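Listed here are the chains, written in short residue letters.
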Amino acid sequence: MACSLAGLFAVLNLIYPLDISRQTGPTVSVYSAEGDVLRQFASQDGVFRIPVTRNQVSPWYLAALLEYEDKYFFSHPGVNPFSLIRALVQQIRYGRVISGGSTLTMQVARKFYPHPRTYRGKLMQIFRALQLELNYSKEDILSLYLTYAPMGGNIEGVEAASQRYFGKHASELSLTEAVMLVVVPQRPSLYRPDRFPQRARKARNKVLRRVADILPLSGADLQRMLRTPMLASYHPAPLHAPLLARRLQQKHPQQSDIHTFIDYTVESDLESIIRQRTERWSAPLSAAVMVMDNLNGKVIAYKGSADMKDPRRYGYVDMVHAWRSPGSALKPFIYGLALDQGLVHSASLLTDVPRQFGDYSPHNFDHRFQGPVRLDHALQRSRNVPAVQVLSHVGPETFLLWLKNAGIHLQVPKANLALALGGEGIRLKDLVTLFSALGRTGDMIYPRFSSEDTIRTVPLLSPAASWIIRSVLLEIAPPDRVKAAYNRPVAWKTGTSYGYRDAWAIGASADYTVGVWVGRPDGAPFVGQTGANQAGPLMFDVFDLLPEDQRTLSRPESVTASVICWPGGIDVSLVNPQDCLQHQQALTIHHFTPATLKREQGLAALHHWPQPLLDWAQKTGHSLVSDTELQSTGRLKILAPRQGTQLFPYPGQVLNLIASQPSVLWFLNDQPIRGSRLALDALTAGNYRLTACMTQCDTIQFAIY
């Protein structure tokens, strides 16, 4: 008889082979670096489940499960004949099902091969259970049960149920919570603890009494447990870095587990910061943030939008990968390439005056001009005309090809000088990649979003050019604090696109690169929004979340200090005293001091002021030899009016606005003011907020009565 049954099983096993893979369907879980679930995507049939093993669940749960459901699980061959006979006798005697005879293996078999509750169906279940035992170990079968046990609605498995009903991992379940999840699979729709707490509590207590001896529980402990109320409620699925998770799920649709480098704590804190800021924003602005580890390219925080669930902010649009105008954010790399080409040094004389470059006439953001300006000051103050001037000598085609060869693609139909001012599209992730070169001595690193991504680095700037640009950007003070946490040095740059549509702040320390975008995904403008007053403070908030930098960057030996002369731009030792009209300290590469950029060529024009500067000085009456550019580029401060000023204006009164730096942008209650004079007649009584911005901002409050 036994041989006949074995032969029959062997034949059926060949005809009906076991295949549980086709039944499962992909359920994608995206994990943080620490193993926390960031987001989970339901399978094709809409089920949520998280694979676990016995080592990942509470010992209370395992003990109660095996005692209550299948105490001989590790010794039977998939079927317990004594349990089946007992269940059959009880059914015949009482005319209904009193107790089930199914083992855990049989319950797994029924999950993957459902069958009607008939004798034929039970035989099918027994056959599939024997197949499971033949093909899988006991540990594998137990893991299948822990993962696929029905827990009510579209929830399967003890881990998913633990997170949904109790807001914790299965390894953290208390004794009463563990016992509750043991009983739910018996009647998943009726024993859901979040919907039917009294019914679920009654079923839980039944199991508690059955397993009390093996836990073990004293009589007093058991009574206390039986009195414990049902405290379950529905906890929504985790939703951290949801747009990154969506992108990775689309990229790996057949992969059930996707592991990212997201730091769960940093990501959670970042989401809190953005939530607090969006509550204060007067318009439906969105924001995107990406944080990358410069050493290995791991993306440790990623926020694609302010709130994925907010349709007013187009929260479903991932702005980390969206093409937007960078404003002035690419200027550091125009100057960096010019340094490597030997065209400039840090104190090169540039012309911040009205100029015509072919048919292109750029203007500055504040519609003002400063005349002669050092390269480092022009970069720190984000002057537009000098950046276009340098790009015209580098060549926009050369600049575009240089970026393309490094793997950075701009969305622009044709290379042109408007590249210097944001006349192209770029993605936040690409800006973060570019700025990482400033924290890596010139070699940029591509972001790695998941464990599937390998490390890729590309030389962008020489170590000397990178260090000089970084040292220039380090001098830009934070916009709303004295310094960053840990006194962290951050080389950063802002960008504001045409029409106030995009506000950027990108910064690199030795260990991290942080990129921030603020704006509206639909491209609508928000007047008064700049990189300095909107994105910059958020960027430094994010830097303050990060651990203290462990690496430091040393000055390359090729970076040298030189004294150069204006207007020629070359080393003072090469200039006759009568031709050296102004001395400047400069950072150079190997002491090389290229001459001032001019359209006029030849030695005859070497020690002459560039013609555009001469024309500007004659027209405006400004002197070209001044100490304006030698002033400190220290922290911007509003000098007048002072904090807390109380004004009782008379008709026609105009208030002069004065700051410690020239050519600042003024805002009253975040709305731009044209010029630096404020007509008080137009203001009603009340409290006002006055802000001055360049690459940093200062704000004071005053009142009108």
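Residues numbered from 1 in each chain as written. Predicted model: local features only at pLDDT ≥ 70, side-chain atom pairs only at ≥ 80, totals over all residues. Heavy atoms only, no water.

Looking at the overall build of the protein chain
Piece 1. Scanning the protein chain from terminus to terminus reveals 21 helices and 25 strands.
Piece 2. Taken over C-alpha atoms, the radius of gyration comes to 35 Å for the protein chain, far larger than the 27 Å a tight globule of 705 residues would show.
Piece 3. Within the protein chain, counting contacts between residues at least 6 apart in sequence, those at least 24 apart form 69% of the total.
Piece 4. Split by element, the accessible area of the protein chain, about 31,200 Å² in all, is 53% carbon and sulfur.
Piece 5. Here the protein chain contributes 72 positively and 57 negatively charged side chains, and the mean placements of these two sets differ by 10 Å. (Helix = DSSP H or I, 4+ residues; strand = E, 2+ residues; numbered from the N terminus. Rg over C-alpha atoms; globule rule 2.2 N^0.38 Å. Contact = heavy atoms within 4.5 Å. Areas by Shrake-Rupley, 256 points an atom, 1.4 Å probe, with all protein chains shown as cover. Lys, Arg positive; Asp, Glu negative; His and termini not counted. Charge placed at Lys NZ, Arg CZ, Asp CG, Glu CD.)

Some points on the pattern of salt bridges
Piece 1. All chains considered together, the criterion is met by 25 salt bridges.
Piece 2. Among the salt bridges present, the one from D511 reaches R551, with a minimum N-O distance of 3.9 Å. Taken as a pair, D511 in the loop between β13 (502–508) and β14 (512–519) and R551 in the loop between α20 (531–545) and β15 (559–566) lie far apart in primary sequence, 40 residues in all.
Piece 3. The buried category is assigned to D511, whose relative accessible area is 8%.
Piece 4. A single salt-bridge network, built from bridges that share partners, covers R277, D480, R481, D541 and D544. (Salt bridge = Lys/Arg side-chain N within 4 Å of Asp/Glu carboxyl O. Buried < 20%, exposed > 50% of the residue type's maximum accessible area, 1.4 Å probe, protein only.)

Quick notes on helix α21 (residues 611–620)
Piece 1. Along α21, the residues classified as buried are L613, W616 and A617. All buried residues of α21 lie within an arc of 100 degrees about the axis, which places them on one face of the element. In this structure, α21 carries Q618 and K619 as exposed residues pointing more than 90 degrees from its buried face. (Arc of directions from axis to C-beta.)

Some thoughts on the state of the cysteines
Piece 1. Tallying each qualifying case throughout the model produces one disulfide.
Piece 2. Across the disulfide, C565 is cross-linked to C580 (sulfur-sulfur distance 1.9 Å). Between C565 and C580 the sulfur-sulfur dihedral comes to about -90 degrees; the bridge is accordingly left-handed. Linking C565 in strand β15 with C580 in the loop between β15 and β16 (582–589), this pair joins segments that are 15 residues apart in sequence. In this pair, the class of C565 matches that of C580, namely buried. (Disulfide = S-S within 2.5 Å.)

Details of the sheet that holds strand β12 (residues 491–496)
Piece 1. In spatial order, the strands read β7-β6-β14-β13-β12; together these five strands make up an open sheet with antiparallel pairing. Of all strands in the sheet, those with a lone pairing partner are β7 (299–303) and β12, marking the two edges. Each strand of the sheet is rotated relative to its neighbour by a mean of 5 degrees, with strand direction disregarded.
Piece 2. For β13 and β14, the ladder comprises seven bridges, and the chain directions are antiparallel. Bridge pairing in β14 links D502 to G519. (Pairing = 2+ DSSP bridges. Axes fitted to C-alpha atoms, helices over the stretch in contact; angles between N-to-C directions.)

Regarding the packing of helix α13 (residues 264–280) against α20
The description of two helices packed together rests on the angle between their axes and the distance between the axes.
Piece 1. As a packed pair, α13 and α20 sit with axes 10 Å apart at the nearest point and diverge in direction by 150 degrees. Comparing the axis directions of α13 and α20 gives the class roughly antiparallel. Crossing angle aside, the handedness with which α13 passes α20 is right-handed. In this structure, α13 contributes V266, D269, L270, I273, I274 and R277 to the contact, and α20 contributes P537, L538, D541, V542 and L545.
Piece 2. For the contact of α13 with α20, the per-class residue count stands at eight nonpolar, no polar and three charged. (Parallel < 35°, antiparallel > 145°, perpendicular 65-115°, else oblique. Left-handed = near helix turned anticlockwise from the far one by under 90°. Nonpolar A, V, L, I, M, F, W, Y, C, P; charged D, E, K, R; others polar.)

Looking at the pairing of strand β6 (residues 286–293)
Piece 1. The buried fraction of β6 is high, at eight of eight residues.
Piece 2. Of the two faces of β6, both are covered, the one formed by S286, A288, M290 and M292 as well as the one formed by A287, V289, V291 and D293.
Piece 3. Sheet analysis places β6 next to β14, joined by eight bridges and oriented antiparallel. Bridge pairing links A288 to W517 in β14.
Piece 4. If you look at the hairpin formed by β6 and β7, you'll find five residues sitting between the two strands, and G297 has a positive phi there, around 80 degrees.

Thoughts on helix α16 (residues 384–394)
Piece 1. Across the eleven residues that make up α16, a large majority, ten, are buried.
Piece 2. Buried within α16 we find N384, V385, P386, A387, V388, Q389, V390, L391, S392 and V394.
Piece 3. Taken together, the buried residues of α16 touch α14 (331–340), β8 (349–352), β9 (371–374), α15 (375–380) and α17 (396–405).
Piece 4. Of the residues one or two after α16, G395 is the one with positive phi, at around 100 degrees.

Observations regarding the UniProt feature "domain: Penicillin-binding protein transpeptidase" (unreviewed entry) in the protein chain
Piece 1. UniProt records the feature "domain: Penicillin-binding protein transpeptidase" (unreviewed entry) for residues 288–409 in the present numbering.
Piece 2. As a span, residues 288–409 carries 30% helix and 16% strand, and end to end its C-alpha atoms are 20 Å apart. (UniProt positions renumbered as here; feature names shortened; annotations may be inferred.)

Looking at the environment of P253
Piece 1. Within the element layout of this structure, P253 appears in the loop between α12 (242–251) and β5 (257–259).
Piece 2. Put simply, P253 and T27 are 226 residues apart on the chain and 9.1 Å apart in space, counted from C-alpha to C-alpha.

Notes on the sheet that holds strand β21 (residues 665–668)
Piece 1. The strand order β18-β25-β24-β21-β22 describes an open sheet built from five strands, whose pairing is mixed. The outermost strands of the open sheet, each flanked by one partner alone, are β18 (645–647) and β22 (671–673). Between one strand axis and the next, the sheet turns by 35 degrees as a mean value, whatever way the strands run.
Piece 2. Bridging between β18 and strand β25 (residues 697–704) involves three bridges; their strand directions are parallel. Residue pairing for β25: L647 is matched across the bridge by I704.

Let's talk about the nonpolar core
Piece 1. Grouped together as the largest cluster of nonpolar side chains are 112 residues, with contacts concentrated most on F399 and L434.
Piece 2. In terms of residues, this core owes the most to one element, helix α19 (residues 463–474), which gives seven residues.
Piece 3. Among residues more than four places away in sequence, those in contact with F399 are L330, F333, I334, L337, L391, V394 and L419.
Piece 4. Residues I20, A129, L215 and A232 belong to the second largest nonpolar core, which totals 61 residues. (Core = buried A, V, L, I, M, F, W, Y, C linked by side-chain atoms within 4.5 Å.)

Side note on the packing of aromatic side chains
Piece 1. The final tally for this structure, using the stated rule, is eleven aromatic pairs.
Piece 2. Ring centres of Y302 and F449 lie 6.0 Å apart, and the angle between their planes is 80 degrees; on these two criteria the pair is classed as edge-to-face. Highlighted residues: Y302 in strand β7 and F449 in the loop between β10 (443–445) and β11 (457–459), separated in sequence by 147 residues. Considered together, Y302 and F449 belong to a single accessibility category, that of buried residues. (Phe/Tyr/Trp six-rings, centres within 6.5 Å; stacked < 30°, edge-to-face > 60°.)

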